[in-house]
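# Observations on the three-dimensional arrangement
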Amino acid sequence: MKLHRINVLTAPVTLAILTALCLWWLGPLVGQFSAQVALLYESQATLKRDAVLTIFQRN
């Protein structure tokens, strides 16, 4: 295995490629995380609505 020296001119290109690969790999994970957060907010809203309805039905 031969090591290659990265000079100042190729560093931005290498960094851009690595950033693009990381974003491509992390994209689905971020999407799943966002979906889980949205589901939690939806569940919380449903529980609050049910609690309010229960309170009003008792009165």
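Scroll up for the structure.
The structure reproduced in this document is the subject of the present report. (Residues numbered from 1 in each chain as written. Predicted model: local features only at pLDDT ≥ 70, side-chain atom pairs only at ≥ 80, totals over all residues. Heavy atoms only, no water.)

### Section: the overall build of the chain
- Broken down by element type, the chain carries 1 helix and 0 strands.
- Classification of the 59 residues of the chain by burial places 0% in the buried group.
- For the chain, the accessible surface area stands at approximately 6000 Å², while carbon and sulfur atoms represent 71% of it. (Helix = DSSP H or I, 4+ residues; strand = E, 2+ residues; numbered from the N terminus. Buried < 20%, exposed > 50% of the residue type's maximum accessible area, 1.4 Å probe, protein only. Areas by Shrake-Rupley, 256 points an atom, 1.4 Å probe, with all protein chains shown as cover.)

### Examining the pattern of salt bridges
- Inspection of the entire model under this criterion finds 1 salt bridge.
- Residue Arg49 pairs with Asp50 through a salt bridge whose shortest N-O separation is 3.1 Å.
- Look at Arg49 and you get partly exposed, because its relative accessible area is 48%.
- Asp50 sits in the partly exposed class, given a relative accessible area of 33%. (Salt bridge = Lys/Arg side-chain N within 4 Å of Asp/Glu carboxyl O.)

### As for helix H1 (residues 11-58)
- With 48 residues, H1 extends 68 Å between its outermost C-alpha atoms, agreeing within 8% with the 70 Å of an ideal straight helix rising 1.5 Å per residue.
- Along H1, the helix axis deviates most sharply at Leu26, where the bend reaches about 40°; the proline Pro28 sits within four residues downstream. (Expected span 1.5 Å × (residues − 1). Bend = angle between axes of the 7 residues up to and from the residue.)

### Some thoughts on a nonpolar patch on the surface
- Together, Val13, Ile17, Leu18, Leu21, Trp24, Trp25, Leu26, Leu29 and Val30 make up a nonpolar patch on the protein surface, roughly 980 Å² of accessible area in all.
- Along the chain, Leu29 falls in helix H1.
- The exposure class assigned to Leu29 is partly exposed, which follows from its relative accessible area of 42%. (Patch = residues over 30% accessible without salt bridge, like charges linked within 9 Å, V, L, I, M, F, W, Y side chains within 5 Å.)

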